Every structure is written in C-alpha cells, then in structure tokens.
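# A look at the structure
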Amino acid sequence: MPNSAAVRNLIAAIAVSGAVLGSVPHMTARASGEPSKGDRALGEYLSSECVTCHQLSGQFKGIPPIVGWPEDSFVEIMQEYQHKKRPNQVMQMIAGRLSEEEIASLAVYFGSLKSSR
Amino acid sequence: MSTSRRQFLGGVGALAAASSLPCPAIAQAKAKLVVVGGGPGGATIAKYVAKDSGGKIDVILVEPAKQFTTCFHSNLYLGGFRDFKSITHPYSALAKYGVKLNHQAATAVDKSKKTVRLASGTVLPYDRLVIAPGIDLKFDSIPGYSEAASAVMPHAWKAGPQTQLLKKQLDALKDGDLIVMIAPPNPYRCPPGPYERISMMAHVLKAKGHKKSKIVILDPKPNFSKQGLFVEGWEKHYPGMVEWQDPKVHGGIKSVDAKTRIVRTDLAEYKAQLVNVIPAQMAGKIARDAGLANDSGFCPINPENMKSAMDANIYVVGDACIAGDMPKSAFSANSQAKVAALMIRGELAGAKTFPARYTNTCWSLIETDDTVKVGGRYEAKDGKIAAVETFISKTGESADLRKQTQVENMGWYSGITADIFS
C-alpha cells in the first residue's frame, strides 16, 4: 500500500528538482488482478547504476529519492523520460535504453525498499 | 647408534598424528579478492563484492590513507563553495560489509605466484586482484618541473595537501596578480577539470573585487572538454579576466622556474604570482611495475568485464585503465567498478552475470548557480568501451536550468560518496 505521505514528499521533490515545471505525475491505480511484469532480482542488478545518484537510503540531497515508490508511478515517470515528455538529459538517456521489463523490474525493486531517512 | 625405542615410537606417533590432520585442499577456503587502491574505483569494488557475495569472498582493501579526499569537487573547495572536511571521507563504514581494510601501500605484484607485497613486507595471496591506483604525474613532462617544484607550483591533481596548498596560494593573491595554469595533454584525469578550476579561481578573485587580476591558460591541446560552454561562461561572468591559449598561439611551453615563478613559452615569458602546473599523466606506479600498462602508460582492459588485457586474474578500473570513450572520472570509475564487481562475483562465487553497461556524467561549476554537464552511456563494442549515446549542456540555456544542474551536481556528490563510502 503506498505511503501517501512519502508519495506527497516525492511529488514535491520532483517539482523542486524542476524536472517538470508545473506538472506532477498522474497517479494511476493498478487494475485489480494485473500482475507486475518486473523481476526483483533483475531490478536489483540494474539498480547499481541508479544508486550513484539516487541514494539507497532514500535521502534527498538534490536528486529525488526513488525508494518505496508505488510501482505504477515509477513506471509512468520513466516512460515520460523515455518519450522525452519530461526534461532531464541524464534521465532521458537512462530511461531511453531500458526495456519495458527492465523498468518494471526496477519499479518492483525500488518499490520494495524502505526509506531509512 | 640406533634410535631409542621411545624416540622411534614418538616419531611414529607424530607421523600418524600428522597424517590425520585435514588436508588444506579439503577444507573449503573462501575465495580471496585483494583490491589495491581505495578511490572511487577500488573502494566501490571492495564494498560491492563484500556486500553481495554472501560471505563467499574474502575482500581486502589495501589503501595507505585512512580517509579519502575526493579530487571531484575539490575545485568547489578551491572556489569556496564547500569546505575541505566535506570532501573527505573515512573508510571505516566499509568494515560493516565485511571488507578488511589494510592501511599500507602495496609495493609489488607477483603475477605468477598471485601475491601482492605490502610496504611492511607482508605478502597477500589472491585469487583475483583489482589494481585501481589512479594516476601518477609525469613531473618531467614540463622542463623545470619536478615533484619538489610542486611545493611551490602545485598541481593539486591528486586531492589532499596539494589542494590545500593551492587554496592557500589562491586566497593570498592581490588585485593585479597573474595566475598561469599549464593544462595537461590528453589523456588525463577529469577532462573538464582544469577549466572548472579556472572558473573557480576567477570566482574567488571576482568575489574579492579584483579588477586587474588575470588568468592565463597555456594548453598543449587545440581544444578542450565543454569548451563552448566554458568560454561562454567566462565571457559572461569574468569578462577580460581569462585568456586561453592553444599551441598555435603560444608555440609550445618551454619551461617553468620554481624559484621565480616565471613561465616561458615560444611566444612570451610570464612572471606569475600563482603557477598551477598540471603535467601529463600515467597509471599509478604499481600498475606499471606489474606490467599491466602499455606504451601509453595506461592499462588496456577487456571492455566486457574490466579484466586486464595482460592478466586474466587481474582487473583494472578507474583512471589507471584505458576505458575507450569513457573519460577518466570518478563516475566512470564507480561505473566500471560495478561491472568488475559483478564479474568477480561471477568468477569466484557463481553469481549470475549480465552484459556490461557503463555510464558517466561530469558536472562543472562555472559560477554560482551556473553549472553545465556532459555525459553518456557506453558498451563493449569493437574491442573497446564505446559510447552508445552522449549528451551535453547547451550554450544559451536558461539560468533556471543551469541552477537546477548545480542542484543535481550537489545531489550526485552526496549520492556517489554515500554509494562508495557508506
């Protein structure tokens, strides 16, 4: 169950980071019974690239934390970077080369973590 | 005379006892990984192998220093944007992952015996070895320069006391003084670094109200990383203060004099109050002495796994290696280290491995809230680490975007130092 306070903080972080001026991620509820396509172990392997900037502890020191996100929000934001709807050259490049399965796996992995901040 | 019965029985008993001891090969010893060098490359490998190998690999990190001062963001300390303590990180947290810290210098590698000798004479055996010593400076690449001369004309290209010396010299300058930087030839650590440093020096002088001070950069290169962005920034923020000379202008750097701080080129002679010489570079000594470097002075590697091209039991990551299209940067070292850590766990602990993927981003601060970046992603291709996609900041970007890029820069520093040292 998403922690709504954490998600509100996250949305604030995205806005502050200037990633999107004036818009916030659209929260979609997952259709009941729809399975996650992601594999946690694959997500953990891929995550080593992310945690250089996005701290595993969930600390926010200028780069938005991505720990404990609802999976749908994670996938949606990554897709927005993929389609260059969300500005940031680093994230557009990173999201651009990830497959649907890889994004889903990262969503599962990071979604399963608890922020320790 | 014959052996006494007691002696004989004692001997047989001892022999029998010796035969019943377990044979060393039967007792399952943990695989041994020795990592030489505790920078972003070595420390990342040590941490990641120790934390992810489920106790199957013994990891020793050999690094003389008890804490690490980052070269990255040392320019921001020079510019007064952060303090020295904030760019210095202890190694102590790595112990919680099971990394054994050995605070000595490694002096030699015996590739056939698979051992590393330390300064104390201790010999460490390894199953796999990581050599990540960073760079050494070719002091003799500029006539008149030497290691001794760096006490007067610092390079500050290895962070620590040299950085503090350069900061002290910078802060002591008076209005009207001249700074001369000799920039390094390719390949070198941190391509945009010298030019970020120039920006930070100019910032300090401008902030103090110096209107007559000048900075001259004598470059052996015809162009440099993020040149258009730096030139735009210097013209905007420090008009008339910074002069960059390429080889066609200066005609060649002839000499530096540590006694007088006189720098001579084919074109002119400069009597400077601060001379920052950044010489040509090569891989750290232990890598070269171990026969891991080629004629370039740097170490060729297999781009699919970061193994040395000279020895399949040795990995080389970070500034010491030849990483194709990847620049020598902390971000690159950390990225290469994660590939190497995965491959080491694959070899020593049966872990599942995936194809290598690398990334890098380099941020450069030009003036307060004005930061630019360059970066890319890379893969093993055509026998080297090749860029698949790259990006760079644009001239004329909005102040908001440049400010956001600086926020990102600070966030990255916090993230990568937590990733390596926490």
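Criteria and thresholds
- Residues numbered from 1 in each chain as written.
- Chains lettered and ligands numbered in written order.
- Predicted model: local features only at pLDDT ≥ 70, side-chain atom pairs only at ≥ 80, totals over all residues.
- Heavy atoms only, no water.
- Helix = DSSP H or I, 4+ residues; strand = E, 2+ residues; numbered from the N terminus.
- Buried < 20%, exposed > 50% of the residue type's maximum accessible area, 1.4 Å probe, protein only.
- Areas by Shrake-Rupley, 256 points an atom, 1.4 Å probe, with all protein chains shown as cover.
- Lys, Arg positive; Asp, Glu negative; His and termini not counted.
- Charge placed at Lys NZ, Arg CZ, Asp CG, Glu CD.
- Contact = heavy atoms within 4.5 Å.
- Buried area = accessible area lost by both parts, 1.4 Å probe.
- Salt bridge = Lys/Arg side-chain N within 4 Å of Asp/Glu carboxyl O.
- Polar contact = N/O pair within 3.5 Å; in protein donor to acceptor, adjacent residues only side chain to side chain.
- Nonpolar A, V, L, I, M, F, W, Y, C, P; charged D, E, K, R; others polar.
- Phe/Tyr/Trp six-rings, centres within 6.5 Å; stacked < 30°, edge-to-face > 60°.
- Axes fitted to C-alpha atoms, helices over the stretch in contact; angles between N-to-C directions.
- Left-handed = near helix turned anticlockwise from the far one by under 90°.
- Domains from an automatic or database assignment.

## Thoughts on the overall build of chain B
Within chain B, the secondary structure is distributed over 10 helices and 24 strands. For chain B, the C-alpha atoms occupy an extent of roughly 100 × 50 × 40 Å along the three principal directions. Expressed as a percentage of the 422 residues in chain B, the buried residues total 56%. In the form shown here, chain B has an accessible surface area of approximately 17700 Å², with 55% of it arising from carbon and sulfur atoms. Each charge class in chain B was averaged separately, 53 positive and 38 negative side chains, and the resulting centres sit 7 Å apart.

## Overview of the interface of chain A and chain B
Counting residues at the interface gives 22 residues for chain A and 30 residues for chain B. Here chain A meets chain B over a buried area of about 2200 Å², counting both sides, of which 56% is carbon and sulfur. Joining chain A to chain B, the criterion identifies 2 salt bridges. E49 of chain A is the partner of R357 of chain B in a salt bridge, and the nearest nitrogen-oxygen pair spans 3.0 Å. Counting across the interface, chain A meets chain B through 11 residue pairs in polar contact (both at pLDDT 80 or more). Elements that contribute at least two residues to the side of chain A that touches chain B include exactly α2 (40–50) and α4 (89–96) of chain A. The leading source of residues in the side of chain A that touches chain B is α2 of chain A, at 5 residues. Of the residues in the side of chain A that touches chain B, the class split is 10 nonpolar, 8 polar and 4 charged.

## Some words on the packing of aromatic side chains
All names here are of chain A. As enumerated under the stated definition, the model contains 20 aromatic pairs over all chains in all. Taken together, a centroid distance of 6.0 Å and an interplanar angle of 15° make the contact between F74 and F110 stacked. Here F74, found in helix α3 (residues 71–82), pairs with F110, found in helix α5 (residues 100–111); they are 36 residues apart in sequence, far enough to count as distant. F74 gets classed as buried once you look at its relative accessible area, which sits at 4%. You can call F110 buried: its relative accessible area is 0%.

## Topic: the packing of helix α9 (residues 330–349) of chain B against helix α10 (residues 399–421) of chain B
All names here are of chain B. Running from N to C, α9 and α10 cross one another at 35°; their axes reach a closest spacing of 12 Å. Judged by the twist between their axes, the crossing of α9 over α10 is left-handed. Along the contact surface, α9 presents A330, F331, N334 and K338, while α10 presents W412, I416, D419 and I420. Its residues placed into classes, the contact of α9 with α10 shows 5 nonpolar, 1 polar and 2 charged.

## Quick notes on the side chain of D319 of chain B
Structurally, the position occupied by D319 of chain B is in the loop between β20 (314–316) and β21 (321–322). The residues touching D319 of chain B, leaving out its near neighbours within four places in the chain, are G134, I135, R189, F298, K328 and S329 of chain B.

## What to know about unusual backbone geometry
The omega torsion across N186 of chain B and P187 of chain B is -5°, close enough to zero to call that bond cis. Summarising the element assignment, P187 of chain B is placed in the loop between β11 (178–182) and α5 (193–207). With a phi close to 55°, K84 of chain A is a non-glycine residue in the positive phi region. If you check the backbone angles, D369 of chain B has positive phi at about 60° while not being a glycine. Tracing the chain through its elements places D369 of chain B in the loop between β22 (358–367) and β23 (370–381).

## Let's talk about the domain arrangement of chain B
Residue and element names in this part refer to chain B. For chain B, the assigned domains are domain 1 (31–137 + 281–353) and domain 2 (139–277). Computed over C-alpha atoms, the centres of domain 1 and domain 2 are 30 Å apart. At the interface, 21 residues of domain 1 touch 23 residues of domain 2. Counting each side, the surface lost to burial between domain 1 and domain 2 is near 2100 Å², with a carbon and sulfur contribution of 65%. Contact with domain 2 buries area across many residues of domain 1, yet N75, L78 and L137 alone supply 33% of it, more than any other trio. We note a salt bridge from D319 to R189, for which the minimum N-O separation is 2.5 Å. Those elements that provide at least two residues to the side of domain 1 that touches domain 2 are α3 (74–78) and β10 (135–137). With 5 residues, α3 is the largest single contributor of residues to the side of domain 1 that touches domain 2. Looking at the side of domain 1 that touches domain 2 residue by residue, the classes come out as 10 nonpolar, 8 polar and 3 charged.

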